[in-house]
Each structure stands twice: as C-alpha cells, then as structure tokens.
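One letter stands for each residue in the lines below.
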Amino acid sequence: MQIDRFFHWLGEFLGDALRAIIDALSTLFAGLWVAIDRFFDGLARSLGVNPSLINLVVLVIGVWMLYRGIRALLRRGFVGGLVWLFLGLLVLGWLIR
C-alpha cells in the first residue's frame, strides 16, 4: 500500500511541476506575441499601411535596399549606391502610398 501512495504522490508532483512550467512558458510566449503584434501594428499604422505580413516583408526589403545604398556610398560606389537608394525609396514610396 505504501508504495502505491508514493508513486501516486510522485505522479501528482511531476504532473503539477510540468503544468506549472507549461503555464509559465505559455504566459511568457503569449505576452511576447502580444508585444510583437503591437509593435508591428504601431509601425504599420505610423506608416499608414495595413499591418499584414506582405507589407512587413516589403518594408524589410525596402529598408534593406536603403541599407545597401548607404553601404555602397560609404565604400565610394556612388553609382551603385544611388541605384540602391533609388530602388529602396521606390519600394518604400510604393508601400506608403
């Protein structure tokens, strides 16, 4: 009888511990997801676009093009830098309109 109680207690203890860990991780990731969602929503609203995945991808591509243009200008690649800057501004201008 005593051995049955011990294993019952052990099973309850492990179940409660796992439940606490899962609840904590769920709360953490739910809070993190809400924070990320609100960040992208605020970013999209400030730009005047809908907060969708496609718009986010286009925004990242446009910022990447601007970054490439600035890097090219800093390396004294003026033609390439101007082309990248123009393309980045074109993409971002299209997104914001």
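Just above sits the structure.
Computed from a predicted structure; not experimentally measured. (Residues numbered from 1 in each chain as written. Predicted model: local features only at pLDDT ≥ 70, side-chain atom pairs only at ≥ 80, totals over all residues. Heavy atoms only, no water.)

Observations concerning the overall build of the protein chain
Note the cut-off: Only DSSP runs of H or I with at least four residues qualify as helices, and only runs of E with at least two residues qualify as strands; both kinds are numbered from the N terminus onward. Computation of the radius of gyration draws on C-alpha atoms, with the globule rule given as 2.2 Å multiplied by the number of residues to the power 0.38.
Scanning the protein chain from N- to C-terminus turns up three helices and zero strands. Along the protein chain, helices and strands appear, N-terminal first, in the series α-α-α. A compact globule built from 97 residues should have a C-alpha radius of gyration of about 13 Å, whereas the protein chain, at 26 Å, is more than 25% larger. Based on the C-alpha atoms only, the size of the protein chain along its principal axes is roughly 85 × 30 × 15 Å.

A few points about the packing of aromatic side chains
How we decide: Side-chain rings of Phe, Tyr and Trp, where Trp is taken by its six-membered ring, are said to pair if the distance between their centres is within 6.5 Å; with planes under 30 degrees apart they count as stacked, over 60 as edge-to-face, and otherwise as tilted. Per-residue accessibility, obtained with a 1.4 Å probe over protein chains only, is compared with the maximum for each type, and a residue is labelled buried under 20%, exposed over 50%, and partly exposed between these values.
Under the defined criterion, the tally for this structure stands at five aromatic pairs. Both rings, one in Phe6 and one in Phe7, keep their centres 5.4 Å apart while their planes meet at 70 degrees; by these two values the pair is edge-to-face. Ring geometry for Phe39 and Phe40: centres 5.3 Å apart, planes at 65 degrees, overall edge-to-face. Exposure remark for Phe39: the relative accessible area of 52% places this residue in the exposed category. Residue class for Phe40 comes out partly exposed when judged on its relative accessible area of 33%. Through pairs of rings, three or more aromatic residues link up here, namely Phe6, Phe7, Trp9 and Phe13.

Focus: the nonpolar core
Applicable threshold: Residue types Ala, Val, Leu, Ile, Met, Phe, Trp, Tyr and Cys, when buried and joined through side-chain atoms within 4.5 Å, form a set referred to as a nonpolar core. Residue contacts are defined here by distance: any two heavy atoms, one from each residue, within 4.5 Å place the two residues in contact.
One finds Ala44, Val49, Val58, Leu59, Leu92 and Leu95 forming the largest nonpolar core, which totals six residues. Every element with two or more residues in this core is listed here: α2 (53-74) and α3 (78-96). Apart from residues lying up to four places away in sequence, Ala44 is in contact with Val49, Asn50 and Pro51.

Description of a nonpolar patch on the surface
Note the following rule: Patch members must show over 30% relative accessible area and no salt bridge, and they are joined within 9 Å when carrying like charges or within 5 Å when they are nonpolar side chains of Val, Leu, Ile, Met, Phe, Trp or Tyr. Computed by Shrake-Rupley with a 1.4 Å probe, the accessible areas treat only the displayed protein chains as cover when residues are assessed. Basic side-chain nitrogens of Lys or Arg form a salt bridge, by our definition, when they fall within 4 Å of a carboxyl oxygen of Asp or Glu.
Together, Ile21, Leu25, Leu28, Phe29, Leu32, Ile36, Phe39 and Phe40 make up an exposed nonpolar region whose accessible area comes to about 770 Å². Tracing the sequence through the fold places Leu28 in helix α1 (residues 2-47). What makes Leu28 exposed here is its relative accessible area of 51%.

Section: the pattern of salt bridges
One pass over the structure, following the stated rule, counts two salt bridges. Across the pair Asp23 and Arg19 runs a salt bridge whose closest N-O atoms are separated by 3.4 Å. One end of the pair is Asp23 and the other is Arg19, both in helix α1 and four residues apart, which spans about a single turn. The exposure class of Arg19 is exposed, given its relative accessible area of 54%. Note that Arg45 and Asp41 form a salt bridge whose closest N and O atoms lie 3.4 Å from each other. Here the residue Arg45 and the residue Asp41 both occupy positions in helix α1, the gap between them amounting to four residues, near one helical turn.

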